[in-house]
Amino acid sequence: MNEIPRHRALALLSQCTGDEIWSIESCRQAGVPESWVGTLADTFESGFRSDSQTIYVGEGVTNQYRGVRDLDLAMQLARSMGLDVDRVTATALGRRGIVAAIKEAVMDGE
């Protein structure tokens, strides 16, 4: 399952916030394994009830966007480094909290 060197996984994880959707091209340029891109990529739709549901591309709003949520990427990276993601994120709240819990666990050497 470890298709990516640890130093590369750490570099990618450091870019994850929990709030972003990476384009397919951005994933490829960053060195995300192609098999992960194929598995994690999805088409997301904007919601307009709150700003956190709205997808922005550049300065504009889009209804749909195909890409990889950095939350999903962070979870995949953590698994590739042997982290028990479910245990580490059990008490985390929200997407940002999940990514922060993953980063903390990785830095603590879990």
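Residues numbered from 1 in each chain as written. Predicted model: local features only at pLDDT ≥ 70, side-chain atom pairs only at ≥ 80, totals over all residues. Heavy atoms only, no water.

Undergrad: Sorry, what's going on with helix α1 (residues 6-14) here?
TA: At 3.6 residues per turn, the α-helix brings residues three or four places apart onto the same side. Listing the buried residues of α1 in full gives Ala9, Leu12 and Leu13. The arc that holds every buried residue of α1, seen down its axis, measures 100°, which confines them to one face. Set apart from the buried face of α1 by more than 90 degrees, the exposed residues are His7 and Ser14. (Buried < 20%, exposed > 50% of the residue type's maximum accessible area, 1.4 Å probe, protein only. Helix = DSSP H or I, 4+ residues; strand = E, 2+ residues; numbered from the N terminus. Arc of directions from axis to C-beta.)

Undergrad: What should I look at first to understand the sheet that holds strand β5 (residues 64-69) in this one?
TA: Sheet strands pair by backbone hydrogen bonding; their relative direction is either parallel or antiparallel. As summarised here, the arrangement of the three strands in space is β1-β5-β2, forming an open sheet in which the pairing is antiparallel. Strands at the two margins of the open sheet, each flanked by one partner only, are β1 (21-23) and β2 (42-45). Geometrically, the sheet is characterised by an average inter-axis angle of 70° between neighbouring strands, direction not taken into account. Of the strand pairs in this sheet, β1 and β5 are connected by three bridges, and their pairing is antiparallel. Residue pairing in the sheet places Ile21 in a bridge with Arg69 of β5. Where helix α4 (residues 70-80) meets the sheet, it contacts β1 and β5, and its direction lies at approximately 20° from that of β5. (Pairing = 2+ DSSP bridges. Axes fitted to C-alpha atoms, helices over the stretch in contact; angles between N-to-C directions. Contact = heavy atoms within 4.5 Å.)

Undergrad: How should the pattern of salt bridges be read in this particular structure?
TA: Opposite charge on two side chains permits them to pair, given that their charged atoms come into close proximity. With the rule as written, the count across this model stands at four salt bridges. Across the pair Arg95 and Asp19 runs a salt bridge whose closest N-O atoms are separated by 3.5 Å. Taken together, the residues Arg95 in helix α6 (residues 94-107) and Asp19 in the loop between α1 and β1 connect sequence positions 76 residues apart. Across the pair Arg69 and Asp72 runs a salt bridge, and its minimum N-O distance is 2.8 Å. Sharing partners across several salt bridges, the network here consists of Asp19, Arg95 and Arg96. (Salt bridge = Lys/Arg side-chain N within 4 Å of Asp/Glu carboxyl O.)

Undergrad: I tried to follow the nonpolar core on my own but got confused; where do I start?
TA: A general tendency of soluble globular proteins is for nonpolar side chains to be buried together. With 31 residues, the main nonpolar core has Trp22, Val32, Leu73, Leu77 and Ile102 as its most contacted residues. Among the secondary structure elements, those contributing two or more residues to this core are α1, α2 (24-30), α3 (34-40), α4, α5 (85-88) and α6. Excluding residues within four positions of it along the chain, Leu77 makes contact with Ile4, Ala9, Leu12, Leu13 and Trp36. (Core = buried A, V, L, I, M, F, W, Y, C linked by side-chain atoms within 4.5 Å.)

Undergrad: Looking at this model, I keep getting lost on the packing of α4 against α6. Mind explaining?
TA: Helix packing for two helices is described by the angle between their axes and how far apart those axes are. As a packed pair, α4 and α6 sit with axes 10 Å apart at the nearest point and diverge in direction by 25°. In terms of axis orientation, α4 runs roughly parallel to α6. Crossing handedness for the pair α4 and α6: left-handed. Here Leu71, Ala74, Met75 and Ala78 of α4 come into contact with α6, specifically with Arg95, Ile98, Val99 and Ile102. The class makeup of the residues in the contact of α4 with α6 is seven nonpolar, no polar and one charged. (Parallel < 35°, antiparallel > 145°, perpendicular 65-115°, else oblique. Left-handed = near helix turned anticlockwise from the far one by under 90°. Nonpolar A, V, L, I, M, F, W, Y, C, P; charged D, E, K, R; others polar.)

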